[in-house]
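# Summary of structural features
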Amino acid sequence: MDESGGSGQPRSGTDEATERHGEQRTSSAPAAGATRSGPERPEHPTGPTPPTAAPGTSEAAPSPDRPHDPTDSARGAATHSDPSTGAEDGAEVPGASPDQAEAPAGSGSPDEAGPSAQDATHGPSDGAHPHPEPEHPRTLAHSGTATGTGTGKAQPPRRGREPGGGLLMGRPFGVPVYVAPSWFLVAALITWVFGGQLDRVLPELGALRYLVSLFFAVAFYASVLVHELAHTVAALRFKLPVRRIQLQFFGGVSEIEKEAETPGREFVLSFVGPLLSLVLSGLFYLAMLAVEPGTVPGVLLAGLMISNLIVAAFNLLPGLPLDGGRMLRAVVWKITGRPMSGTIAAAWVGRALAVSVLIGLPLLTQSGALGATQDHVGGMDTVTDALLAAILAAIIWTGAGNSLRMARLREHLPELRARSLTRRAVPVETSTPLSEALRRANEAGARALVVVDADGEPLSLVREAAIVGVPEHRRPWVAVSGLAQDLTDGMRVSAELAGEALLDTLRATPATEYLVVEDSGEIYGVLSAADVERAFVKAMARPS
């Protein structure tokens with residue numbers, strides 16, 4: 001992931017601010033000139049709920065004191081994950097950031113001061129841009145969280161982490177493949193169960209049967225990886241980015257970051273996985289014909305043939321989040337012309353399928369329809385079948401619900417507009433003391449500071465988290481340049497950006513603030529990643 005800009009410039013003044021490192025900071029009243037504020041700040045979010053259909057993944061909550069990918073922490077909340085081997089189609093969405101407490105207002109003005117707030121011509125103003133006024137006015141100095149160290153220095157941006165999720169096994173086609181910790185649990189379970197079956201078929205193996213069973217578990221998940229690679233290759237062929245492939249407890253997940261543009265592509269993208277599983281089943285069958293039955297190779301090939309056939313059949317069931325559900329969604333989308341209609345239909349079929357699995361799988365086992373005789377069905381087998389059915393049903397049900405949330409997300413994405421979320425900003429020169437800059441911002445009703453050169457060209461953005469880290473008595477002696485983050489090309493965003501294009505731009509250069517400019521190059525204001533996150537959660541709370 002690209003770095004989000006450079007480190008802040010050296011601040012002016014002495015190191016006396018370090019004496020207050022770790023000291024408890026309290027709020028004070030706003031400065032006398034703080035009578036207006038900038039655009040309305042969206043409500044504090046709680047963040048979308050991450051999917052339970054993709055175990056083994058976790059995202060650490062972002063710190064408000066470092067640049068972060070505003071679309072990172074909720075990844076997967078809007079993803080389609082297949083409990084066996086289906087593809088995952090997820091849009092990046094904003095994640096929640098910690099609530100921000102009030103910080104001390106600036107106090108005092110040194111003798112040296114730059115242009116007044118009334119002379120600021122490089123930021124949005126009341127007459128120039130229609131920034132909405134907040135219901136509860138707050139000033140710039142009262143809009144952050146006291147999370148700084150007290151040194152007043154801008155922390156250098158950190159490189160965004162690649163998506164984790166377990167042990168990295170390789171990068172076929174440039175896509176990282178991870179093995180989740182839960183895979184080792186299921187590998188042990190397969191080794192134990194298949195080893196018991198080998199004891200009945202090949203009793204002469206003795207303890208070696210568990211080594212053969214472990215080989216079968218690895219070979220089976222290699223087949224699952226081929227299934228996922230089929231989804232990945234199709235997605236890359238359609239110019240859809242793939243975040244990662246993860247092998248986990250109930251199969252695999254291909255995290256495709258964008259939705260197919262047409263129902264035809266959606267159908268193909270979903271069908272290639274089960275198709276490859278069917279092809280593998282056929283290849284294992286042909287190989288089984290070439291070996292002696294009742295031998296280790298014969299038993300392994302038979303097991304791989306049956307398991308791939310089961311994977312294909314299970315994934316073709318017509319309910320989300322399975323591949324068959326995605327195919328059904330594509331068909332309904334084609335007929336109605338509305339992707340949302342296809343999602344609703346396939347999701348409710350998926351929920352009905354979950355109920356059927358919960359009730360039907362134990363009944364089929366008890367009746368002997370799955371091949372087990374009444375003599376071999378004991379109490380422990382009944383409990384195991386019921387537990388397996390409950391887990392599968394829960395995964396399918398939650399996956400269908402996640403698919404519905406995903407559809408609602410894409411419906412509301414156009415409501416995220418950079419222009420309406422931008423904070424009013426005041427330009428200040430590099431040597432301007434922080435207290436003076438805050439005074440000008442309060443008088444102008446602004447909630448952001450842009451550091452400019454003598455010609456008015458923007459150089460850097462003063463980070464909100466850095467402001468609140470400076471004690472009130474130090475603000476007259478700390479220059480804004482020491483609290484600013486240098487602007488990079490990726491931190492300049494167009495005021496016309498909206499929806500998924502806006503999220504893609506922010507994801508490409510993770511940062512806490514971005515400079516918003518008009519097509520003419522004029523400064524419009526500053527966009528906070530936290531505001532985008534809150535606006536997203538607010539939009540998601542509205543009914544479709």
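Heads up: these notes are all about the structure in this document. Bear in mind the structure is a predicted one, so any value in this text is a computation, not a measurement.

So, about the environment of Pro-318. Tracing the chain through its elements places Pro-318 in the loop between α4 (296–315) and α5 (323–336). With a relative accessible area of 43%, Pro-318 lands in the partly exposed category. Spatially, the C-alpha atom of Pro-318 lies 8.8 Å from that of Arg-329, the residues being eleven residues apart in sequence. Every residue in contact with Pro-318, bar those within four places of it in the chain, is listed here: Gly-324, Gly-325, Leu-328 and Val-349.

Ranked by size, the top nonpolar core spans 36 residues in total, and within it Ile-190, Phe-220 and Tyr-221 carry the most contacts. Looking at this core, the elements with two or more residues in it are α1 (181–201), α2 (208–237), α3 (263–289), α4, α6 (339–367) and α7 (379–412). Contact partners of Ile-190, with chain neighbours within four places excluded, come to Gly-195, Phe-216, Ala-217, Phe-220 and Tyr-221. Among the nonpolar cores identified, the runner-up in size contains 33 residues, and Met-406, Ala-418, Val-493 and Val-516 belong to it.

Among the five residues of strand β8 (residues 458–462), four are classified as buried, and the element is accordingly described as predominantly covered. Bridge analysis of strand β7 (residues 448–452) against β8 gives three bridges, and the strand direction is antiparallel. Bridging from a neighbouring strand, Val-452 pairs with Pro-458 of β8. If you look at the hairpin formed by β7 and β8, you'll find five residues sitting between the two strands, and Gly-456 has a positive phi there, around 85 degrees. In terms of strand pairing, β8 meets strand β9 (residues 484–486) through three bridges, oriented antiparallel. Paired with Val-462 across the bridge in β9 is Ala-484.

The subject of this paragraph is unusual backbone geometry. Keep in mind that most residues, glycine aside, have a negative phi and that most peptide bonds are trans. The omega torsion of the bond from Leu-320 to Pro-321 falls at 10 degrees, within 30 degrees of zero and hence cis. For Pro-321, the position within the fold is in the loop between α4 and α5. The phi dihedral of Phe-173 falls on the positive side, at around 60 degrees, and the residue is not glycine. Examined against the element boundaries, Phe-173 turns out to sit in the loop between β2 (167–170) and β3 (177–179). The phi torsion at Lys-239 lies on the positive side, around 65 degrees, for a residue other than glycine.

Okay, the sheet that holds β7 next. If you trace the four strands from one edge of the open sheet to the other, you get β6-β7-β8-β9, paired in mixed fashion. Each edge of the open sheet carries a strand with a single partner, namely β6 (425–429) and β9. Averaged over neighbouring strand pairs, the angle between their axes works out to 35 degrees when direction is ignored. Most of the contacts of helix α9 (residues 434–444) go to β6, to which it runs at about 150 degrees, and overall it touches β6 and β7.

The next thing to look at is the packing of aromatic side chains. Evaluation of the coordinates by the stated rule reveals six aromatic pairs. Centroid distance Trp-183 to Phe-184: 5.1 Å. Interplanar angle 80 degrees. Geometry classified as edge-to-face. Judged by its relative accessible area of 13%, Trp-183 falls in the buried class. According to the relative accessible area criterion, Phe-184 is partly exposed, its value standing at 46%. Aromatic pair Phe-220 and Tyr-221: ring centres 5.4 Å apart, planes at 85 degrees, arrangement edge-to-face.

Evaluated as defined, the whole model comprises 16 salt bridges. One salt bridge in this structure joins Arg-326 and Glu-266, with 3.7 Å as the shortest N-O distance. Of this pair, Arg-326 sits in helix α5 while Glu-266 sits in helix α3, placing them 60 residues apart in sequence. Summarising the burial analysis for this pair, Arg-326 and Glu-266 share the class buried. The partner of Arg-419 in a salt bridge is Glu-496, with the nearest N and O atoms 2.2 Å apart.

When two helices pack together, you describe them by how their axes are tilted relative to each other and by the distance separating the axes. As a packed pair, α3 and α5 sit with axes 8 Å apart at the nearest point and diverge in direction by 160 degrees. Viewed along their axes, α3 and α5 adopt a mutual orientation that is roughly antiparallel. The handedness of the crossing between α3 and α5 comes out as left-handed. Between α3, through Pro-263, Glu-266, Phe-267, Leu-269, Ser-270, Phe-271 and Pro-274, and α5, the contact on the second element is made entirely by Asp-323, Arg-326, Met-327, Arg-329, Ala-330, Val-331, Trp-333 and Lys-334. For the contact of α3 with α5, the residue count by class is nine nonpolar, one polar and five charged.

In this section: the side chain of His-227. Mapping His-227 onto the fold places it in helix α2. From its side chain, His-227 meets the backbone oxygen of Gly-273 in a polar contact 3.1 Å long.

All of the buried residues in helix α11 (residues 499–508) are Gly-499, Leu-502, Leu-503, Leu-506 and Arg-507. Within α11, the buried residues cover an arc of 130 degrees as seen down the axis, which keeps them to one side. Of the surrounding elements, those touching the buried residues of α11 are α8 (418–421), β10 (492–494), β11 (513–517), β12 (523–528) and α12 (529–541).

Moving on: the sheet that holds β12. Here three strands make up an open sheet; going across it, the order is β10-β11-β12 and the pairing mixed. In the strand order of this sheet, the two ends are held by β10 and β12, each with one partner. Going from strand to strand, the sheet's axes swing by 35 degrees on average, the running direction of each strand aside. Pairing analysis gives three bridges linking β10 to β11, with the strands arranged parallel. Looking at β11, one finds that Arg-492 is bridged to Leu-515. Packed onto the sheet, α12 meets β11 and β12 and runs at close to 70 degrees relative to β12.

Criteria and cut-off values
- Residues numbered from 1 in each chain as written.
- Predicted model: local features only at pLDDT ≥ 70, side-chain atom pairs only at ≥ 80, totals over all residues.
- Heavy atoms only, no water.
- Helix = DSSP H or I, 4+ residues; strand = E, 2+ residues; numbered from the N terminus.
- Buried < 20%, exposed > 50% of the residue type's maximum accessible area, 1.4 Å probe, protein only.
- Contact = heavy atoms within 4.5 Å.
- Core = buried A, V, L, I, M, F, W, Y, C linked by side-chain atoms within 4.5 Å.
- Pairing = 2+ DSSP bridges.
- Axes fitted to C-alpha atoms, helices over the stretch in contact; angles between N-to-C directions.
- Phe/Tyr/Trp six-rings, centres within 6.5 Å; stacked < 30°, edge-to-face > 60°.
- Salt bridge = Lys/Arg side-chain N within 4 Å of Asp/Glu carboxyl O.
- Parallel < 35°, antiparallel > 145°, perpendicular 65-115°, else oblique.
- Left-handed = near helix turned anticlockwise from the far one by under 90°.
- Nonpolar A, V, L, I, M, F, W, Y, C, P; charged D, E, K, R; others polar.
- Polar contact = N/O pair within 3.5 Å; in protein donor to acceptor, adjacent residues only side chain to side chain.
- Arc of directions from axis to C-beta.

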